[in-house]
Structures are given as C-alpha cells and as structure tokens.
Amino acid sequence: MNLSLEGKNAVICGSSQGIGLAIAAELALLGANCTLMARNEETLQAAVKTLDIALRQQHGYLVADFTNTENVKQAIRQHVQHTPVHILVNNTGGPAPGSVLTATEEAFTQAFKQHLIVNQILAQAVVPSMKEAGYGRIINIISTSIRIPITGLAVSGTVRGAVAVWSKILANEVGQFNITVNNILPGSTKTQRLESLIQNTAQKRGVSREVVEHEMQQDIPMKRFGEASELGAVAAFLASPAASYVNGVSIPVDGGKTGAL
Ligand SMILES: NC(=O)c1ccc[n+]([C@@H]2O[C@H](COP(=O)([O-])OP(=O)(O)OC[C@H]3O[C@@H](n4cnc5c(N)ncnc54)[C@H](OP(=O)(O)O)[C@@H]3O)[C@@H](O)[C@H]2O)c1
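Residues numbered from 1 in each chain as written. Predicted model: local features only at pLDDT ≥ 70, side-chain atom pairs only at ≥ 80, totals over all residues. Heavy atoms only, no water.

A few words on the state of the cysteines. What we call a disulfide is simply a covalent bond connecting the sulfur atoms of a pair of cysteines. Across all of its chains, the model carries zero disulfides by this definition. Here C13 stays unpaired: no disulfide links it, and the sulfur of C34, its closest cysteine neighbor, is 12 Å away. Classification of C13 as buried rests on a relative accessible area of 0%. (Disulfide = S-S within 2.5 Å. Buried < 20%, exposed > 50% of the residue type's maximum accessible area, 1.4 Å probe, protein only.)

Structural data, given as structure tokens:
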C-alpha cells in the first residue's frame, strides 16, 4: 500500500493543537511538507517544531483568523503563489454550545463564515494547483452530528450539515481531476475542545466533570474517548495515494458511538 506523501504539500487548518495538529503530525510522518494555519503565532511556531523532519520535510505556518474571510483569502492566495498545494485539511474551532432558540443571528453568521465560507475560499485557492499536479485531497473535519444531530450543539450541528452537503457536491465536481473530497466525523476526542464541553455540561448540571466524562464514555461502545492521533491516522490514509478511489464519503471515527449505518 502506497502511503508515501513525500513531495506533497499540505495545508492543515486549525492545527496549532488538538485534532488539526495530530493530523499534521501524521502527514509529516508520511513525508508531507506541512503548512499549519491558526490564529496564535506563538502556538503555531511551537507546533511546527514538533513535526517530523526525518525525510527533509519543510514545515511552516500561516497566521489567519477564520472569522475574518479577507484575512484567510490574503494568506492562502499568497501561499499558493509560491507553493502548490496537494492536500487541504479544513478544520477550525467549533462553535459554542447552546440551543436553537437562544442562538443569536450573529452566532449563526459567524459559524457559517468560519466553517463553510472559509472552506470555500481555501478550496477555490488550492484546487488549481491540485488539478495541475493531477493529485488532490481535501479532507473536512466535521462531526458525527451530520448523522445524528446533537441536542445542545445547535449552531455547530447546523453549520456541519451545510459543510457536508458542500463537500459532497465539490467531490462530484473535482473527482474527474483525481481530487478527492472526504469528511472525517470525530466522536469525543481528547482535546481542549472536548474538555471545555465536558466542563460546560458539568457546570450546567451541577455535577463534577468526572461524572459527565464517565457518562459520556459509557455511551461509547469502546468505553473510552478517542486520541487525536487516531483521527490523524484516518486523515493520513485519506491524504495518501492508497486512498485514490475513496471519494465523497463521511467516515465516523467515534469508537462506534454513532447509532446509524
Ligand atoms: N474534540 C472533539 O471531541 C470533537 C468532536 C467532534 C467534532 N470536533 C470538531 O473538530 C474540530 C477540531 O476540534 P479540536 O477538538 O481539535 O479543537 P481545539 O482543540 O479547540 O482546536 C481548534 C484549533 O482551531 C484553531 N482555531 C480556533 N478558532 C480559529 C479561528 N477563528 N481561526 C483560525 N483557527 C482557529 C485553534 O488555534 P487558535 O486558537 O490559535 O486559532 C486550534 O488550533 C472542531 O471543529 C470541533 O468542533 C471535535
């Protein structure tokens, strides 16, 4: 099986920590040159230093705030002028939890911008170089909520659904150029995002975080949370030559929790 990403350039979004950084780590191990994207420059610098360079990979970063679409456009357009992109991982921070009826118009608008519109800007910027190379992999980190919506994650779930439809239509359009577009649907994965969701629930219910954590884990067939590296491994496979005929799918990586086929 050909998993080598030597000579391939990847842009991994939301990658200064958590799932994004774990994906970058796996792509780098397979030989990819990784460009990380997030808001905090110091964290990005530290993250780049953790990536494997045994195969003389060149890593770097772009600072951009995904709530500012002009900022993202500028950063990616400058980048593609000198670096063709073969792999794009769309990922960013998740919207705050809450109900549909209490969500503000601004929360919806911002989440659509940060998730859907930014994906669109990035895809439009990188697809030309993917076409030219005859190799492209677009991987969107979404959520299992596109299969079974999660009560209490109203804005997040709504925008995830939109991203999944966008992704499928894009897959239909670009497959003919050997560009695949697939989604990873993380279940509960040990990151800062998960910790803040646990603490938020614990506070609302007036119980300890341990109680919430235990209950959540009991609801997962594997009785544990996922490691970010377990998500990274699936993304690395999808990015590789070996996954050349996997296109337009959504893969839950959730220890079996999603109760749908
Ligand atoms: N962890 C889970 O259990 C889980 C489950 C289902 C879905 N997900 C989804 O998977 C995605 C990644 O989750 P995670 O747990 O890895 O999250 P995380 O630990 O909060 O990491 C989020 C990353 O995105 C960056 N980011 C946040 N806001 C940004 C912005 N406005 N512009 C640019 N970059 C931004 C952060 O860096 P900066 O702060 O420096 O910008 C960080 O690198 C999220 O959308 C999350 O909702 C996670």
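Having seen the structure, we can now continue with the description.
This part covers the packing of aromatic side chains. Counted under the stated rule, the structure contains zero aromatic pairs. Directly above the ring of Y135 sits K8, whose terminal nitrogen or CZ lies 4.4 Å from the centroid. A cation over an aromatic ring shows up here: K131 above the ring of F177, its NZ or CZ 4.4 Å from the ring centre. (Phe/Tyr/Trp six-rings, centres within 6.5 Å; stacked < 30°, edge-to-face > 60°. Lys NZ or Arg CZ within 6 Å of the ring centre and 35° of its normal.)

The subject of this paragraph is the domain arrangement of the chain. Split by domain assignment, the chain resolves into domain 1 (9-187 + 227-253) and domain 2 (191-225). Centre-to-centre, using C-alpha coordinates, domain 1 lies 25 Å away from domain 2. Contacts between the two partners involve 11 residues from domain 1 and, on the opposite side, seven residues from domain 2. A combined buried area of about 610 Å² lies between domain 1 and domain 2, and 46% of that area is made up of carbon and sulfur atoms. Of all residues in domain 1, Q17, P97 and E230 give up the largest surface area on contact with domain 2, accounting jointly for 47% of the area buried on that side. Our count for the contact surface shared by domain 1 and domain 2 stands at one salt bridge. Across the salt bridge formed by E230 and R224, the nearest N and O atoms sit 2.8 Å from each other. Those elements that provide at least two residues to the side of domain 1 that touches domain 2 are α1 (18-29) and α5 (154-174). Tallied by class, the residues present in the side of domain 1 that touches domain 2 amount to four nonpolar, four polar and three charged. (Domains from an automatic or database assignment. Contact = heavy atoms within 4.5 Å. Buried area = accessible area lost by both parts, 1.4 Å probe. Salt bridge = Lys/Arg side-chain N within 4 Å of Asp/Glu carboxyl O. Helix = DSSP H or I, 4+ residues; strand = E, 2+ residues; numbered from the N terminus. Nonpolar A, V, L, I, M, F, W, Y, C, P; charged D, E, K, R; others polar.)

Here we take up the sheet that holds strand β7 (residues 250-253). One open sheet accounts for seven strands, arranged β3-β2-β1-β4-β5-β6-β7; its pairing is parallel. Pairing within the sheet leaves two strands with one partner each, and these edge strands are β3 (60-63) and β7. In this sheet, neighbouring strand axes are inclined to one another by 20 degrees on average, regardless of whether the strands run parallel or antiparallel. As defined by bridge partners, strand β5 (residues 136-141) adjoins strand β6 (residues 179-186) across six bridges and the pair is classed as parallel. When the sheet's bridge partners are listed, I141 is paired in β6 with I184. Strand contacts of helix α8 (residues 228-239): β4 (87-90), β5, β6 and β7, with the helix running at about 170 degrees to β6, the strand carrying the most contacts. (Pairing = 2+ DSSP bridges. Axes fitted to C-alpha atoms, helices over the stretch in contact; angles between N-to-C directions.)

Moving on, we get to the pattern of salt bridges. A side chain of one charge can pair with a side chain of the opposite charge when the charged atoms of the two come close. By the definition in use, this model includes eight salt bridges. Across the pair E215 and R205 runs a salt bridge, and its minimum N-O distance is 2.7 Å. In this pair, E215 is assigned in helix α7 (residues 209-218) and R205 in helix α6 (residues 192-205), connecting sequence segments 10 residues apart. Given the relative accessible area of 44%, R205 is considered partly exposed. Put simply, E195, R209, E210 and E213 are held in one network by salt bridges that share partners.

It is worth spelling out the side chain of N91 at this point. By secondary structure assignment, the location of N91 is in the loop between β4 and α4 (105-133). Here the side chain of N91 touches C13 through a polar contact of 3.2 Å, landing on its backbone oxygen. Here the side chain of N91 touches G14 through a polar contact of 3.0 Å, landing on its backbone oxygen. Among all residues touching N91, those that are not within four sequence positions of it are C13, G14, G20, F66 and I141. (Polar contact = N/O pair within 3.5 Å; in protein donor to acceptor, adjacent residues only side chain to side chain.)

Looking now at the packing of α4 against α5. Viewed as axis vectors pointing N to C, α4 and α5 meet at an angle of 20 degrees, and their least axial separation amounts to 9 Å. By the angle between their axes, α4 is roughly parallel relative to α5. α4 and α5 meet at a crossing whose hand is right-handed. The residues of α5 that touch α4, namely those facing A107, F108, A111, F112, H115, L116, N119, Q120, A123 and V127, are A154, V155, T158, V159, R160, A162, V163, W166, L170 and V174. Within the contact of α4 with α5, the residues separate by chemical class into 15 nonpolar, four polar and one charged. (Parallel < 35°, antiparallel > 145°, perpendicular 65-115°, else oblique. Left-handed = near helix turned anticlockwise from the far one by under 90°.)

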